[in-house]
Amino acid sequence: MVESKPVQLAPSILTADFGHLAEQIAAAEAGGADLIHLDVMDGRFVPNITFGTLIVHTVRRLTRLPLDVHLMIAEPERYIAEFAEAGSDTITVHAEATLHLHRAVQQITGLGRRAGIALNPATPNEAVREVLPFVDQVLIMTVNPGFGSQRFIETMTAKIRRMRRMMDELCPLADLQVDGGIYVGNIVDVIYAGANVIVVGSAVFNKTDTPTANLTQLRKAVDEAR
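Residues numbered from 1 in each chain as written. Predicted model: local features only at pLDDT ≥ 70, side-chain atom pairs only at ≥ 80, totals over all residues. Heavy atoms only, no water.

Enquirer: Any chance you could explain unusual backbone geometry here in plain terms?
Expert: Excluding glycine, residues mostly carry a negative phi; peptide bonds, for their part, are mostly trans. Backbone geometry places E75, a non-glycine residue, at a positive phi of 50°. Along the chain, E75 turns up in the loop between β3 (67–72) and α3 (80–86). (Helix = DSSP H or I, 4+ residues; strand = E, 2+ residues; numbered from the N terminus.)

Rendered as structure tokens:
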């Protein structure tokens, strides 16, 4: 594996037990989570509804880890300030969800937060080329957004590789994040392709084992590949 940025594991609370959210987040921390990923869905941009700023605010009080907030919502610029105020460290908006992507990125950075842009599986990398010099993170969706526990779309590995090359040219310091269907069996492949921030949901929060044990196994897979 080529040495570059350290690999960060970002457990998504989408599949966590919200009745015991504090314990779930503490267990993820004990397993070596680097940040907490929050998937915000509005039922318009994606066919599901999750939570809003209240949960972000709650999670902010439960952990000192950075909060990586993924806005899967239409017209995200209307709500960026509220999510920043709730405690987000990184705010990611979808290229497909706003007519003025560069303006949304400026809005995020203007509030002192890290700006991320996300691409759905069918959206070509070229759609965000002109915005790349202004972002801190690019998120490649490796499933169609809206639901957890989906199967990784195999063609996304090549897309991740192409995006890494584009980012090396235009924003070499930015993080390349992947989200969707990542587990012990394929995490190394996406890292080899160039991703360095890995969102893991049902691979961490499930009934098979504890979040601590699951994250330990994921970290072991990453470390053994180096």
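From this point, things continue past the structure.
Enquirer: Could you clarify how one ought to interpret the environment of A30 in this entry?
Expert: If you trace the backbone, A30 turns up in helix α1 (residues 21–30). Distance in space between the C-alpha atoms of A30 and L176 is 24 Å, their sequence separation being 146 residues.

Enquirer: Just to check I follow, could you spell out helix α7 (residues 211–225) for this structure?
Expert: Every α-helical turn comprises 3.6 residues, leaving residues that sit three or four positions apart pointing alike. The end-to-end C-alpha distance of α7, which contains 15 residues, comes to 21 Å, matching closely the 21 Å that a straight helix rising 1.5 Å per residue would cover. All buried positions along α7 are accounted for by P211, N214, L215, L218, A221, V222 and A225. Mapping the buried residues of α7 onto a view down its axis gives an arc of 115°, with all of them on the same face. (Expected span 1.5 Å × (residues − 1). Buried < 20%, exposed > 50% of the residue type's maximum accessible area, 1.4 Å probe, protein only. Arc of directions from axis to C-beta.)

Enquirer: Quick question: what am I supposed to make of the packing of α1 against α7 here?
Expert: Packed helix pairs are specified by the crossing angle of their axes together with the interaxial distance, meaning the distance between the axes. Relative to each other, α1 and α7 sit at 30°, their axes nearing to 7 Å. Classified by the interaxial angle, the pair formed by α1 and α7 is roughly parallel. The hand of the α1/α7 crossing is right-handed. Two secondary-structure elements touch here, α1 through Q24, A27, A28 and A30 and α7 through P211, T212 and L215. Its residues placed into classes, the contact of α1 with α7 shows five nonpolar, two polar and no charged. (Axes fitted to C-alpha atoms, helices over the stretch in contact; angles between N-to-C directions. Parallel < 35°, antiparallel > 145°, perpendicular 65-115°, else oblique. Left-handed = near helix turned anticlockwise from the far one by under 90°. Contact = heavy atoms within 4.5 Å. Nonpolar A, V, L, I, M, F, W, Y, C, P; charged D, E, K, R; others polar.)

Enquirer: Please clarify how the side chain of N214 should be interpreted in this entry.
Expert: Following the sequence through the fold, N214 ends up in helix α7. Given a relative accessible area of 11%, N214 falls into the buried group. Within polar-contact distance, the side chain of N214 engages the backbone oxygen of D209 at 3.4 Å. In this structure, N214 is in contact with A203, V204, N206 and D209, ignoring residues within four places of it in sequence. (Polar contact = N/O pair within 3.5 Å; in protein donor to acceptor, adjacent residues only side chain to side chain.)

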